[in-house]
Structures are given as C-alpha cells and as structure tokens.
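Observations on the model geometry
Given next are the chains, with one letter for each unit.
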Amino acid sequence: MASRYVPSGIPFLRSQNVKPGRIDMSSLAYIDEEFHSELVKSQLRSGDLVIVRTGVPGVAAVIPEGIGPLNCSDLVIARPAPGVDSRFLCYAINETAGSFVRAHTVGAVQQHFNVSSAKRLSLNLPSPAEQRAIVEALGALDDKIAVNERIAVAALELADAQFAGAAKELGFGPATFGSTATIVGGGTPSTKAEEYWGGEIAWTTPTDVTALSAPYLFETGRTVTGEGLENCASQLYPAQSIFMTSRATIGAFALPQMAAAVNQGFIVVLPPTEELRWWLFHEMRSRVEEMISLANGSTFLELSRKNFKAMPIRLGSDQSIAEFARAVSPLHRRAAQAAAESRTLAALRDTLLPQLMSGKLRVLDAEKIVEDAV
C-alpha cells in the first residue's frame, strides 16, 4: 500500500489519523485519483463513522461535513441507519464500548478489531430526539476542545516559524545533540512483578505521546512504584524534559508537565538551560525526516541514541538563543494551557456521557453543567 502513496492527491486516512471523536489531518498519506477509484469499498463520505482496527482498536470518529474525497486503510467504516445519529454513535463507542472492543480483538502479535466483530457490537440507543439532545449538550464541550486544539496548533506553528527564522542563516558547526545536552533513555520494569506497577510514578510509552494533539503530557496510561523505577533502565525525568519517540514512530514529541519515567521507545533530552530547552526542542522538530533516514532495524525502524547524539546541530549566539526563548516561551505556555483545559473538558464529557445514556442525568441538567464549564 505504501508504494502507492504520492506527495499530494486524495487524503488517505490511517489509524493514526483517527483520534477519539476527531479526525487528525496531520501526517496524512495521499493516493492518486486512479487508485482512489479502485478502492471503492474504502471511500469515505461526510457523516461516516470510522473505527480503528489496529494500534488503539475501537477508537472512533466521524468524518466531518464539507470535507473532500477521502479514502482509508485499516479502519472499520459504519454508515448509521436512519434514526441513528453518527455523532452519538461515536460518543457511545468511544466511551461505553471499550470493554466490548477489548474482548473482541484478535491477533497474537498485534491486536486488531475486525468488521465481523464490529457488526456484533450491541448498544442501547435512546430515541433520535434524545440522541440529538445529548449530542448538542456534549457538542459544546467538543467545540471548545476543537478551539483549544486550533490555539495550540497555531501557537506551535508560530514558534516553529520563529525558529526557522532564527536558524535560517546558521550552518552546522562542531556542536552535536550529544555535546550540547544530556541524552538518555528508558526501560520497562518486569511485567511479572506486580509490586512494580500501579504506583504514583508516571511511566510513559510511545502510545501516550502519539495520542497527543499537542506535545504536552499531563498523564500516562500506566504508572510504576518506586521499586519498579529502581528496577528499570529509566530515571525519573523532571517536568519539561524533551521526550521523543525513537522506534516504530520516530519523532513524536512530548514535554511532560510532571516528573515522569519512560520506556525503551524514547530518546530523552535534558538541556542544561531553560533557553536551550526551547532551541533544542525546535531543532529536533525540524530534523525528523533526517532522523528517520538515520534509523535502522529489520522489524521496525529505530533511531539509536548513538546516531542521535552524533547529529550536528545549528546553534546561534547565547543572545539569539535567549531572545528566541523569550519569544516562544509564552507561545508554549498558551498552547499548554489550551491542552490542559481540553483535558479537563474531555474528562467532563466522558463523565457525563454514561450518565446521560443510562438516564441517571437529564439533558437539561447536563446542559447547565456544560454551560458552567465553557
């Protein structure tokens, strides 16, 4: 399939483009119109519900209105019957069908959720009017989350543009990532030792990072105990360390907003100063394609710390680096604030939905809660 990708053309959605409740149009692949016409069964249209089959099985999103021709791979496509609101169905699958999806994934090496399993998914649907009312109540939260995402993206793009301007006239000197910052990695405690898991220490996996809409990490899917940390190759890295995925997906970034450990799928950069933190972060973001070219591996690509540390970097004067930091720090702060607010709103949405579906909470009461939140 990858051999049919082209630089531009018909957007081709893959599992990484489907996030809970939204389509992420970054990192798209493209196919030409001829191939698109051949893939009739996987052509998408507005209102279609798509469900991830592999990666994070069961994650669902609705294809938005007004979008052009789309095609896809490795997604279950559902076209709701009359009387079923696709946005409500998306909420229901993302928030209440997780246990069903987990119970119906197959595959020894990589778990996937197939079409036949999706057809057996059973949901209790309220009346069409009630579905619309629930969607409208929760939609206000999603609308605010979408606004926050645009704020974060715009702030990051502006910071990237600031860096491009600051580094434009600079050449590569003797400085490398390894000579400028401390470069470290991570590891995994034994999964057979229960006493290593479920503690209060955040333990980061690439999935935690690739799921982010902006590179600010507030929580992790798993935690370890102090004993678990002592028995793995990771340290407890301070907040605002630079985490970069280094295998399979190379070049996904996170700035943890709390101290956190990482597994072996990361390169961690610990800059010596606050000013260099922002310079190195954006230098790394601008060099992802080069990093991928330096990766190797037969099962999946991995960028070694050795190769990363040896990469030469562009460095401005101390004054220009400090000026850059003063310019972009407020942008990152605003983007992180937007991401934090979205996280709070998403948690509220996820709390309200099962109560609305079960009838424990009236729509009018939910609307009042949402109004107070947004």
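Reference entry: report on the structure contained in this document. (Residues numbered from 1 in each chain as written. Predicted model: local features only at pLDDT ≥ 70, side-chain atom pairs only at ≥ 80, totals over all residues. Heavy atoms only, no water.)

**Remarks on helix 5 (residues 128-167)**
Helix length check: helix 5, at 40 residues, gives a terminal C-alpha distance of 55 Å against a target of 58 Å (1.5 Å per residue), a fit within 8%. The sharpest bend along helix 5 comes to roughly 35°, located at G139. (Helix = DSSP H or I, 4+ residues; strand = E, 2+ residues; numbered from the N terminus. Expected span 1.5 Å × (residues − 1). Bend = angle between axes of the 7 residues up to and from the residue.)

**Remarks on a negative patch on the surface**
On the surface, E194, E195, E227 and E230 cluster together to form a negatively charged patch. Counting through the fold element by element, E227 comes out in helix 8 (residues 226-230). Taking relative accessible area as the criterion, E227 reaches 40% and is therefore assigned partly exposed. (Patch = residues over 30% accessible without salt bridge, like charges linked within 9 Å, V, L, I, M, F, W, Y side chains within 5 Å. Areas by Shrake-Rupley, 256 points an atom, 1.4 Å probe, with all protein chains shown as cover. Salt bridge = Lys/Arg side-chain N within 4 Å of Asp/Glu carboxyl O. Lys, Arg positive; Asp, Glu negative; His and termini not counted. Charge placed at Lys NZ, Arg CZ, Asp CG, Glu CD. Buried < 20%, exposed > 50% of the residue type's maximum accessible area, 1.4 Å probe, protein only.)

**As for the sheet that holds strand 5 (residues 49-52)**
Read from one edge of the open sheet, 3 strands run 6-5-8, paired in antiparallel fashion. This sheet does not close on itself; its edge strands, each paired only once, are strand 6 (60-62) and strand 8 (75-78). Averaged over neighbouring strand pairs, the angle between their axes works out to 25° when direction is ignored. Relative to strand 6, strand 5 runs antiparallel, the two sharing 3 bridges. Note on strand 6: the bridge partner recorded for V50 is A61. (Pairing = 2+ DSSP bridges. Axes fitted to C-alpha atoms, helices over the stretch in contact; angles between N-to-C directions.)

**Remarks on the pattern of salt bridges**
Inspection of the entire model under this criterion finds 15 salt bridges. Of the charged contacts in the structure, one is a salt bridge between D74 and R53, with a shortest N-O distance of 3.9 Å. With a gap of 21 residues between them, D74 in the loop between strand 7 (71-72) and strand 8 and R53 in the loop between strand 5 and strand 6 connect regions that are remote in the sequence. Given a relative accessible area of 28%, D74 falls into the partly exposed group. On the basis of relative accessibility, which here comes to 24%, the residue R53 falls in the partly exposed class. The partner of R287 in a salt bridge is E290, with the nearest N and O atoms 2.7 Å apart. Connected through salt bridges with shared partners, the residues E283, R287, E290 and R314 form a single ionic network.

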